[in-house]
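Now for the letters of each chain:
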Amino acid sequence: MSSMKISNVTKNSLEKMFSENKRFDGRKLLDLNNLEIEYNVSKKAEGSARVRLGKTEVIVGVKLGTGEPYPDSPDKGNLMVSADLLPMASPRFESGPPKFNAIELPRVIDRMIRESGMLDLGKLCIKKGERVWTLFIDIYPINDDGSLIDAAGIACIAALKNARLPGLTKDNFPDYDKKTDERLPLSKETYPLSFTFFKLGDKLILHPTREEEESCDSRITWGISKWNKQYMINSCQKGLEVTFNKKEIIGMMDLLPKKYDEIIKLIGEKLNE
Amino acid sequence: MKNEINEAHEAANEKVSGSNLEERKIVIPGEVITSGDDFLPGEWTFREDDNIIANRYGLAEQVGRVIKIIPLSGAFTPRRNNVVLGRVTDITHNGWLIDIDYANKGFLPVAESPRYINKHEMDQYLAIGDLVSGKIWSISGRGIDLSFKGKGLGKLEEGFAFRITPSRVPRIIGREGSMINLIKEKTGCNISVGQNGWIWVKGENIDSEIRARKSIEFIADKVYIGGLTEKMEEWFEKN
């Protein structure tokens, strides 16, 4: 991979291509990329998944521990999402203290999972006010070829679905040698998914490759889920400088249910294994 | 990636007969390619006592008495007279700084411009983000100096640039430019290949540009195939 930034001519060329509804990999502007999911990639984590979205690759692990609840929610489990943007994933990532992207990515996904109500944190209480389950969701991008948020979102859901609770000792500490078949209290009806629209000129694209992503002026991430045949927006995050207008937002709202169903159709069966 | 390397190993090692280097063989850094005083170390190899040892992962080849390696992976290492594509990243009082996809930036002096330029209006000729094709004039402790003296060098207008692994550049060009000429002829595009792996394509319409890019990426994907030019002719008939 290279660290050279996108040049003016390439950006203009992409803009021209997008106006003809064409992309380098043969997709249309709003076509999704190839998606592959693999489970149990980590032995030590309670749940793990590897997702490939085009050439983008993300590994997510769910680690379960026990801890004290937060004072404002004594009967609820804790959820922590974190990401480590490894330098091997992209020349854009540097080792060192987390930078903007490494903070934004897990926060967007945390919000998406939390607000969808997919995970019932109330059922993760062991003893009220004293001991609750703590979920650590760790995101490790292996290769960043664009649309990292969307890939990480799918990987998190897959890893959560994959997770099994470990046994407990007498003092309510996890006993990792004792494995149970009990799963996390996840809703069967709803899966949150994130869709990030990128904007170049007046065109919107989904699942961009890295060069497309880098040439875009603006992006917006929607976390959506479906409950009782109703589609819901759970979270939203806008990035970069250029604005979106009302017409574009309405266009996205029309499109999101279709794209949501498309992905669920692809991964729904796998998720329910 | 794993598969293509395996493929390459199989394809290359099938052809290796014994230990003499009549055919190419895959070597890894530190591997003894051959020993004896009959041979001389060439590109990416060095001599230690009696042995000639590989410096890079690639195909070892014997040309006359010289053993050399054609690297299969690795970053671009600039050399004198390499043509590279780069992106203007900064303008200084006496020239432009060019990102050539290497640890050090390239420097293009203002004298390389084909016409007189007012020092306050240097971005009239090359602005930040513009794509240029230049030749490496010198590599010294101060840095890498670029030059526009040569055919086809200068600012690249329109079209687009993309990157392949720099070690595959010789395959894209082919023997005496046979491969690149084939692609140019079949797609009708203008193509400029930099030794740093960046390739610029400009065609009459977007479809021909996309086709040119696909064909180049097709070649860059293949680690080891003999008779690639014939394979490409087949590819162009199908696509």
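This text gives an overview of the structure that appears in the document.

With respect to the overall build of chain A
Working step 1: What chain A contains, in helices and strands, is 5 helices and 12 strands.
Working step 2: Within chain A, buried positions represent 41% of all 273 residues.
Working step 3: Sequence-distant contacts in chain A: of pairs separated by 6 or more residues, those separated by 24 or more amount to 70%.

Thoughts on the environment of Gly174(B)
Working step 1: Looking at where Gly174(B) falls in the secondary structure, it is placed in the loop between helix H2 (169–173) and helix H3 (178–187).
Working step 2: Remark: the alpha-carbon pair of Gly174(B) and Leu228(B), spanning 54 residues in sequence, is separated by 8.7 Å.

Some remarks on the sheet that holds strand E9 (residues 193–200) of chain A
All names here are of chain A.
Working step 1: Here 4 strands make up an open sheet; going across it, the order is E10-E9-E11-E12 and the pairing antiparallel. Looking along the sheet, the strands with just one partner apiece sit at the ends: strand E10 (203–206) and strand E12 (230–239). Recorded for the sheet is a direction-independent mean angle of 30° between the axes of neighbouring strands.
Working step 2: Pairing analysis gives 9 bridges linking strand E11 (residues 218–227) to E12, with the strands arranged antiparallel. Residue pairing in the sheet places Lys-226 in a bridge with Tyr-231 of E12.

Observations regarding the sheet that holds strand E3 (residues 40–41) of chain B
Pairing between the strands of a sheet comes from backbone hydrogen bonds, and it takes one of two forms, parallel or antiparallel.
Residue and element names in this part refer to chain B.
Working step 1: Taking strand neighbours across the sheet as the criterion, the 4 strands line up as E1-E6-E7-E3 in an open arrangement whose pairing is mixed. Two strands in the sheet have a free side with no partner beyond their single neighbour: strand E1 (25–27) and E3.
Working step 2: Where strand E6 (residues 58–63) and strand E7 (residues 66–71) come together, 6 bridges link them in antiparallel fashion. The partner of Glu-61 across the bridge, within E7, is Lys-68.

A closer look at the interface of chain B and chain A
Working step 1: Counting from both sides, the interface comprises 17 residues of chain B and, opposite them, 15 residues of chain A.
Working step 2: Only strand E14 (160–163) and helix H4 (206–221) of chain B provide two or more residues apiece to the side of chain B that touches chain A.
Working step 3: At 4 residues, the largest contribution of residues to the side of chain B that touches chain A is made by E14(B).
Working step 4: Among the residues forming the side of chain B that touches chain A, the class breakdown is 7 nonpolar, 2 polar and 8 charged.

Describing unusual backbone geometry
Residue and element names in this part refer to chain A.
Working step 1: Even without being a glycine, Asn-172 presents a positive backbone phi close to 65°.
Working step 2: Positionally, Asn-172 belongs in the loop between strand E7 (164–168) and strand E8 (174–183).
Working step 3: Positioned with a positive phi, Asn-228 is a non-glycine residue whose angle comes to about 50°.
Working step 4: With respect to the element layout, Asn-228 can be found in the loop between E11 and E12.
Working step 5: Its 7 C-beta neighbours within 10 Å are what place Asn-228 among the exposed residues.

Focus on H4(B)
Residue and element names in this part refer to chain B.
Working step 1: Across its 16 residues, H4 extends 22 Å between first and last C-alpha, which sits within 8% of the 22 Å expected from 1.5 Å per residue.
Working step 2: Taken residue by residue, H4 has Glu-209, Ile-210, Arg-211, Ala-212, Arg-213, Ser-215, Ile-216 and Ile-219 as its buried positions.
Working step 3: At its buried positions, H4 is contacted by E14, H2, H3, strand E15 (190–193), strand E16 (198–202) and helix H5 (228–238).

Section: the pairing of E10(A)
Here is the key point about a regular strand: its side chains alternate between the two faces of the sheet.
Residue and element names in this part refer to chain A.
Working step 1: Across 4 bridges, the pairing between E9 and E10 is antiparallel. Counterpart to Phe-198 in the pairing with E10 is Ile-205.
Working step 2: Here E9 folds back onto E10 in antiparallel fashion, the turn holding 2 residues, of which Gly-201 has a positive phi close to 65°.

Here's the deal with the packing of H3(B) against H5(B)
All names here are of chain B.
Working step 1: Here H3 crosses H5 at 15°, and the two axes come no closer than 10 Å. Considering the angle they form, H3 stands roughly parallel to H5. Considering how the two elements wind past one another, H3 and H5 form a crossing that is right-handed. Residues Ser-178, Met-179, Leu-182 and Lys-186 of H3 form the contact with H5, whose own contacting residues are Leu-228, Thr-229, Met-232 and Phe-236.
Working step 2: For the contact of H3 with H5, the per-class residue count stands at 5 nonpolar, 2 polar and 1 charged.

Each value, and the rule that gives it
- Residues numbered from 1 in each chain as written.
- Chains lettered and ligands numbered in written order.
- Predicted model: local features only at pLDDT ≥ 70, side-chain atom pairs only at ≥ 80, totals over all residues.
- Helix = DSSP H or I, 4+ residues; strand = E, 2+ residues; numbered from the N terminus.
- Buried ≥ 20, exposed ≤ 12 C-beta atoms within 10 Å, placed from the backbone.
- Contact = placed C-beta atoms within 7 Å.
- Pairing = 2+ DSSP bridges.
- Axes fitted to C-alpha atoms, helices over the stretch in contact; angles between N-to-C directions.
- Nonpolar A, V, L, I, M, F, W, Y, C, P; charged D, E, K, R; others polar.
- Expected span 1.5 Å × (residues − 1).
- Parallel < 35°, antiparallel > 145°, perpendicular 65-115°, else oblique.
- Left-handed = near helix turned anticlockwise from the far one by under 90°.

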